Amino acid sequence: AFSKSSTRLLNWLWYHPTFGPSVRAWFMYQVIPRVAKIAAVVTMTLSVVLLILLAESWLLPTMLFVLVQKRL
């Protein structure tokens, strides 16, 4: 969002060695790289597993499960 108001930030993102290719792919083709999708799924899965393992009560994991099921 800030890239539209700041050409300096846009240039920094566009030519950044790590973020640049993903930003350009999204801008030109509106695609998210497969590696980014896999990383997102793995991170979300790990966070749910940690929540289930570390929760002191069953209430929070159950509420999370119910909310996710309603959105699908």
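Fair warning: this is a prediction, and the values are worked out from it, not measured in the lab.

*Asks:* Please explain the overall build of the protein chain as it appears in this structure.
*Replies:* Each helix and strand counted, the protein chain has four helices and zero strands in total. In terms of overall dimensions, the protein chain is more spread out than a globule: its C-alpha atoms have a radius of gyration of 18 Å, far above the 11 Å expected for 72 residues. Residue burial in the protein chain is summarised as follows: out of 72 residues, 7% are buried. A total accessible area of about 6,800 Å² is found for the protein chain, and carbon and sulfur atoms account for 70% of it.

*Asks:* Teacher, can you tell me more about the packing of aromatic side chains here?
*Replies:* Pairs of aromatic rings are described using the distance from one ring centre to the other and the angle between the two planes. Under the defined criterion, the tally for this structure stands at two aromatic pairs. Ring geometry for Trp 12 versus Phe 19: centroids 6.2 Å apart, planes at 55°, classification tilted. Between the aromatic rings of Trp 14 and Phe 27, the centroid separation amounts to 5.3 Å while the plane-to-plane angle is 85°, which identifies the pairing as edge-to-face. Pair noted here: Trp 14 is in helix α1 (residues 7–14) and Phe 27 is in helix α2 (residues 20–29), with a separation of 13 residues, a long-range link.

Reading the values: the criteria
All residue numbers refer to position in the chain's written sequence, counted from 1. In view of the model being predicted, local features appear only for residues whose pLDDT reaches at least 70, and side-chain atom pairs are presented and counted only at 80 or more, with totals across whole chains, interfaces and linings using the full set of residues. Side-chain measures were taken over the full set of non-hydrogen atoms in the model, leaving aside hydrogen atoms and water. Here a strand is any run of E in DSSP of at least two residues, a helix any run of H or I of at least four, and the numbering for each starts at the N terminus. We compute the radius of gyration over the C-alpha atoms and compare it with the globule rule, which gives 2.2 Å times the number of residues raised to the power 0.38. The classification of residues rests on relative accessible area computed with a 1.4 Å probe and restricted to protein chains. Under 20% of the type maximum is buried, over 50% is exposed, and intermediate values are partly exposed. The protein chains shown are the only cover counted for residues, whose accessible areas, like all others here, come from Shrake-Rupley with a 1.4 Å probe. Pairing of aromatic rings covers Phe, Tyr and Trp, the last through its six-membered ring, and needs centres within 6.5 Å; plane angles under 30 degrees mean stacked, over 60 mean edge-to-face, and all others mean tilted.

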